[in-house]
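Chains, contacts and geometry: an overview
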Amino acid sequence: MATKRTMGMSVAAAGAAAVVAVRVARRGRPGTGHGPGAGRDPDGWKAVTVLADAEALRPGGRYPEPLAALADRLEIALRPAGRDRGTEVHARFRPGEHPDPEALRVALRDTKSLVETGIVQRADPVPHGVRKPTPFGIGQDAIESRSKGMGLL
Amino acid sequence: MKAICWTGIDRVSVETVDDPAILNDQDVILKVRLSAACGSDLHLLDGYIPTMRAGDVLGHEFIGEVVEVGAAVTKHKVGDRVVVGSFIACGRCWYCRTGQYSLCDNGNPNPGIPEALWGQSPGGCFGYSHALGGYAGSHAEYVRVPFADVGAFTVPDDVSDERAVFASDAVPTGWTGADLGGVQPGDVVAVWGAGAVGQMAARAAILMGAERVVVIDRFEDRLGQVVTHVGAETIDYSTSEVIPTLKEMTGGRGPDVCIEAVGMEAHRNRVDGVYDYVKQQLRMQTGRPTAVREAIEACRKGGSVFVLGVFGGVVDKFPLGALMNKGLRFSGAQQHGQRYIPMLLERMQRGEIVSEHLATHVLPLDEASHGYEIFKHKRDGCVRPVFRP
Ligand SMILES: NC(=O)c1ccc[n+]([C@@H]2O[C@H](COP(=O)([O-])OP(=O)(O)OC[C@H]3O[C@@H](n4cnc5c(N)ncnc54)[C@H](O)[C@@H]3O)[C@@H](O)[C@H]2O)c1
Ligand SMILES: [Zn+2]
Ligand SMILES: [Zn+2]
């Protein structure tokens with residue numbers, strides 16, 4: 001019974017991991033990106049909404065570091081988000097630039113967090129007990145380490 | 001330090017792990033005074049929440065003493081006794097600003113995992129899988145509290161640890177259900193589940209002016225607590241049929257608000273429960289929504305059903321027809337603790353909310369296996385084992 005349940009868990013967890021992996025693979029495959037951002041949006045745009053006005057997003061005309069580091073290679077458009085929601089930051093790689101959708105997701109998420117909170121939150125290094133190097137665990141660590149660059153953004 | 005770690009299905013162990021450190025200037029480190037196990041931990045233990053990793057430190061309901069303070073923390077100092085909301089939220093994104101703290105945009109460093117599962121990422125949570133951030137939990141001697149000015153609250157001197165610890169999770173969760181479920185003065189409210197969450201949802205409904213509040217479960221000791229400490233009525237579903245009883249109690253209408261506080265491992269008291277059990281074991285659905293279905297069937301036309309019980313993925317045979325044709329409002333949430341905790345601590349101070357009876361077993365960390373065992377099987381009157389490191 002214990003074995004069956006353990007397997008059941010692995011199936012469920014592996015299922016979740018597979019969903020993540022498939023989505024990443026689908027986007028990472030060369031040629032499937034329609035636009036220069038190689039994202040799901042046909043034109044390669046990705047966006048986050050930041051609870052701040054456009055000025056606070058670009059103090060002195062410069063974006064916060066995570067976005068500034070890529071800014072030369074990006075087209076960036078700011079738009080009011082409507083209601084009380086702040087500013088939308090839309091970005092994509094310029095035509096001719098090699099698109100790196102993972103880096104763009106990380107840059108957008110970290111920029112948002114920095115502007116809103118002053119920091120980028122993290123859990124690592126985290127206190128933990130014994131972690132045996134099982135293939136499943138190693139796979140999960142790999143997914144977690146890339147999680148901010150993945151997802152539906 | 002010593003900590004209780006998840007090591008696999010149905011297994012916990014007490015291990016020596018690294019002490020937590022301040023990772024950014026908005027953190028504090030707490031010396032844990034009490035840390036309670038929650039029904040949500042049982043879903044982790046039973047293997048229904050993916051992305052747990054052997055060695056993860058459990059626990060998300062806790063009270064402690066501040067022992068180290070990050071440079072940007074303004075509300076807390078060394079020596080403060082604080083209770084901490086179980087969800088990790090920044091306090092400054094649009095969701096936090098609108099009181100929806102568990103939906104925080106900046107609290108979860110692993111947003112790609114929940115986005116793949118659910119489309120968007122909620123905030124982070126202590127000791128609750130890598131999908132919710134991979135943070136260490138509080139069943140340990142020390143715990144790091146990120147965004148401490150937002151998530152930690154000083155406890156008034158005259159509120160005991162045993163009462164205040166539940167201001168972390170069970171009490172604000174119950175309040176979230178009654179508040180967002182839309183309880184109005186004069187309502188009849190039914191609550192499924194007489195665990196800590198169900199009891200505190202019932203208490204919240206009473207404090208919001210509900211005329212009748214009834215809690216449904218099958219454990220006599222828990223139903224007894226509902227009568228004695230919460231002041232609500234009860235239905236024992238092992239001896240009474242729930243829906244006809246509720247109809248009779250409400251003059252044939254059905255309750256105005258139905259709060260589900262059972263979650264994905266509902267007991268199979270009905271034929272559909274057996275079906276749910278088999279499908280969940282085969283991983284053809286990830287939760288057993290038996291109580292959710294019953295709540296939807298029981299609710300009055302045009303009423304409100306609120307899901308507090310945790311679900312991770314998809315469920316089967318969802319009564320969408322009843323929901324649509326009866327014109328119900330249907331919603332759910334992880335708790336928005338930060339929105340309610342200051343008010344709840346005041347109510348605890350005034351004795352309007354009593355919660356220490358939920359701490360049926362106060363144990364050292366070393367008794368983790370025993371604590372979770374009696375909690376899981378509801379033995380020995382266990383409602384929540386609470387660890388004192
Ligand atoms: N939304 C949130 O933020 C939040 C916070 C904490 C806990 N939770 C969830 O709330 C749920 C309850 O938590 P808890 O700590 O009270 O758990 P618990 O295990 O102590 O209590 C659950 C109760 O539900 C009863 N029950 C089982 N099947 C039932 C059925 N078919 N009908 C009526 N009652 C039934 C059980 O007998 C038990 O008393 C869990 O799913 C937990 O994960 C959610
Ligand atoms: Zn909980
Ligand atoms: Zn937030």
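This structure is a prediction, so every number in the text was calculated from the model and none was measured.

Moving on, we come to the overall build of chain A. A tally of regular secondary structure across chain A gives five helices and three strands. Mapped from its N terminus to its C terminus, chain A presents α and β elements in the order α-β-α-α-β-β-α-α. Looking at chain A as a whole, 39% of its 153 residues are labelled buried. A separation threshold of at least 6 residues defines the contact pool for chain A, and within that pool the share at least 24 residues apart is 62%.

A tally of helices and strands in chain B yields 14 helices and 18 strands. Relative to the compact-globule value of 21 Å for 389 residues, chain B shows a C-alpha radius of gyration of 20 Å, a close match. Seen along its three principal axes, the alpha-carbon backbone of chain B occupies a region of about 60 × 45 × 45 Å. The burial tally for chain B puts 64% of its 389 residues in the buried class. Taking the intrachain contacts of chain B between residues at least 6 apart in sequence as the baseline, contacts between residues at least 24 apart amount to 71%. Accessible surface, chain B: about 13,100 Å² in total, of which carbon and sulfur atoms supply 50%.

The subject of this paragraph is the site of ligand 1. All names here are of chain B. Ligand 1 sits among 33 residues. The nearest are Ser40, Asp217, Gln335, Lys378 and Arg384. Here an oxygen atom of ligand 1 sits 3.1 Å away from a polar atom, N or O, in the main chain of Val262. Protein contact buries 96% of the 860 Å² of open area that ligand 1 shows by itself. Those elements giving two or more residues to the shell around ligand 1 turn out to be helix H1 (39-45), helix H7 (196-207) and strand E12 (212-217). Per-element tally for the shell around ligand 1: the top contributor is H1, with four residues. In terms of residue class, the shell around ligand 1 is built from 15 nonpolar, 12 polar and six charged.

Let's shift gears to the coordination of the zinc ion (ligand 3). All names here are of chain B. With distances of 2.3 to 2.5 Å, the protein atoms coordinating the zinc ion (ligand 3) are Cys90 (SG), Cys93 (SG), Cys96 (SG) and Cys104 (SG). Between the four donor atoms coordinating the zinc ion (ligand 3), the angles at the centre fall across 99 to 119°, so the site counts as tetrahedral. Each donor residue of the zinc ion (ligand 3) lies on one chain, and together they are spaced C-x2-C-x2-C-x7-C.

Residues and elements named next belong to chain B. Reading across from one edge, E13-E12-E11-E14-E15-E16 is the order of the six strands in this open sheet, with parallel pairing throughout. Strands at the two margins of the open sheet, each flanked by one partner only, are strand E13 (233-236) and strand E16 (329-332). Neighbour to neighbour, the strand axes of the sheet diverge by 20° on average, direction disregarded. Two strands pair when backbone bridges link them, and strand E14 (residues 257-260) and strand E15 (residues 304-307) are joined in this way by four bridges, in the parallel orientation. Each bridged residue has a counterpart across the sheet, and for Ile259 the counterpart in E15 is Phe306.

All right, on to the nonpolar core then. Generally speaking, a soluble globular protein has its nonpolar side chains buried in company with each other. Residues and elements named next belong to chain B. Counting residues in hydrophobic clusters, the biggest one holds 49 residues, and the most contacted among them are Phe166, Val183, Val189, Val191, Ile259 and Leu345. Secondary structure elements with two or more residues in this core: strand E3 (28-36), helix H6 (170-180), strand E11 (188-192), H7, E12, helix H8 (220-230), E14 and helix H13 (337-349). Residue contributions to this core peak at seven residues, all from H7. Split by domain, the residues of this core number at least three in each of domain 1 (2-169 + 335-387) and domain 2 (174-332). Filtering out sequence-adjacent residues up to four positions away, Val189 remains in contact with Val183, Ala205, Ala210, Arg212, Val213, Val214, Val257 and Ile259.

A few words on a nonpolar patch on the surface. Residues and elements named next belong to chain B. Taken together, the side chains of Val274, Val278, Leu282 and Met284 present a nonpolar region at the surface, about 380 Å² in accessible area. By secondary structure assignment, the location of Val274 is in helix H10 (residues 271-281). According to the relative accessible area criterion, Val274 is partly exposed, its value standing at 46%.

Further remarks concern the interface of chain A and chain B. At the interface, 44 residues of chain A touch 52 residues of chain B. Across the interface of chain A and chain B, roughly 4,000 Å² is buried in total on both sides, 56% from carbon and sulfur atoms. Scanning the region where chain A abuts chain B turns up four salt bridges. A salt bridge links Arg53 of chain B to Asp141 of chain A, with the shortest nitrogen-to-oxygen separation between them at 2.8 Å.

Now for the coordination of the zinc ion (ligand 2). Residue and element names in this part refer to chain B. For the zinc ion (ligand 2), the full set of protein donor atoms is Cys38 (SG), His60 (NE2) and Asp169 (OD), at a range of 2.0 to 2.3 Å. The motif formed by the donor residues of the zinc ion (ligand 2), counted along the single chain, is C-x21-H-x108-D. Of this pair, Cys38 sits in the loop between E3 and H1 while His60 is found in the loop between strand E4 (56-57) and strand E5 (61-69), placing the two residues 22 residues apart along the sequence.

This next bit is on H6 of chain B. Residue and element names in this part refer to chain B. Buried residues dominate H6, accounting for nine of its 11 residues. Residues of H6 that are buried: Ala170, Val171, Pro172, Thr173, Gly174, Trp175, Thr176, Gly177 and Ala178. On its buried side, H6 packs onto E5, H7, E14, E15 and H13. Residue Gly182 follows H6 closely and has a positive phi angle near 85°.

Here we come to the domain arrangement of chain B. Residue and element names in this part refer to chain B. The assigned domain composition of chain B is domain 1 (2-169 + 335-387) and domain 2 (174-332). One C-alpha centre belongs to domain 1, the other to domain 2, and the line joining them spans 25 Å. Contacts between the two partners involve 29 residues from domain 1, matched on the other side by 25 residues from domain 2. Buried surface at the junction of domain 1 and domain 2, both sides included, amounts to about 2,300 Å², of which 58% is carbon and sulfur. Counting the surface domain 1 buries against domain 2, the share from its top three residues, His43, Tyr48 and His357, is 28%. Linking domain 1 with domain 2 are one salt bridge, by the criterion used here. The salt bridge partner of Arg339 is Asp179, with a shortest N-O separation of 3.6 Å. For the pair domain 1 and domain 2, the interface holds nine residue pairs in polar contact (both at pLDDT 80 or more). When residues of the side of domain 1 that touches domain 2 are traced back to their parent elements, those giving at least two are H1 and H13. Element by element, the count of residues in the side of domain 1 that touches domain 2 is highest for H13, at five residues.

The rules behind the values
Residues numbered from 1 in each chain as written. Chains lettered and ligands numbered in written order. Predicted model: local features only at pLDDT ≥ 70, side-chain atom pairs only at ≥ 80, totals over all residues. Heavy atoms only, no water. Helix = DSSP H or I, 4+ residues; strand = E, 2+ residues; numbered from the N terminus. Buried < 20%, exposed > 50% of the residue type's maximum accessible area, 1.4 Å probe, protein only. Contact = heavy atoms within 4.5 Å. Rg over C-alpha atoms; globule rule 2.2 N^0.38 Å. Areas by Shrake-Rupley, 256 points an atom, 1.4 Å probe, with all protein chains shown as cover. Near = heavy atom within 4 Å. Polar contact = N/O pair within 3.5 Å; in protein donor to acceptor, adjacent residues only side chain to side chain. Nonpolar A, V, L, I, M, F, W, Y, C, P; charged D, E, K, R; others polar. Donors = N, O, S within 2.8 Å, 3.2 Å for Na, K, Ca; no water. Tetrahedral: all angles 85-135°; square planar, octahedral: opposite > 155°, others 65-115°. Pairing = 2+ DSSP bridges. Axes fitted to C-alpha atoms, helices over the stretch in contact; angles between N-to-C directions. Core = buried A, V, L, I, M, F, W, Y, C linked by side-chain atoms within 4.5 Å. Domains from an automatic or database assignment. Patch = residues over 30% accessible without salt bridge, like charges linked within 9 Å, V, L, I, M, F, W, Y side chains within 5 Å. Salt bridge = Lys/Arg side-chain N within 4 Å of Asp/Glu carboxyl O. Buried area = accessible area lost by both parts, 1.4 Å probe.

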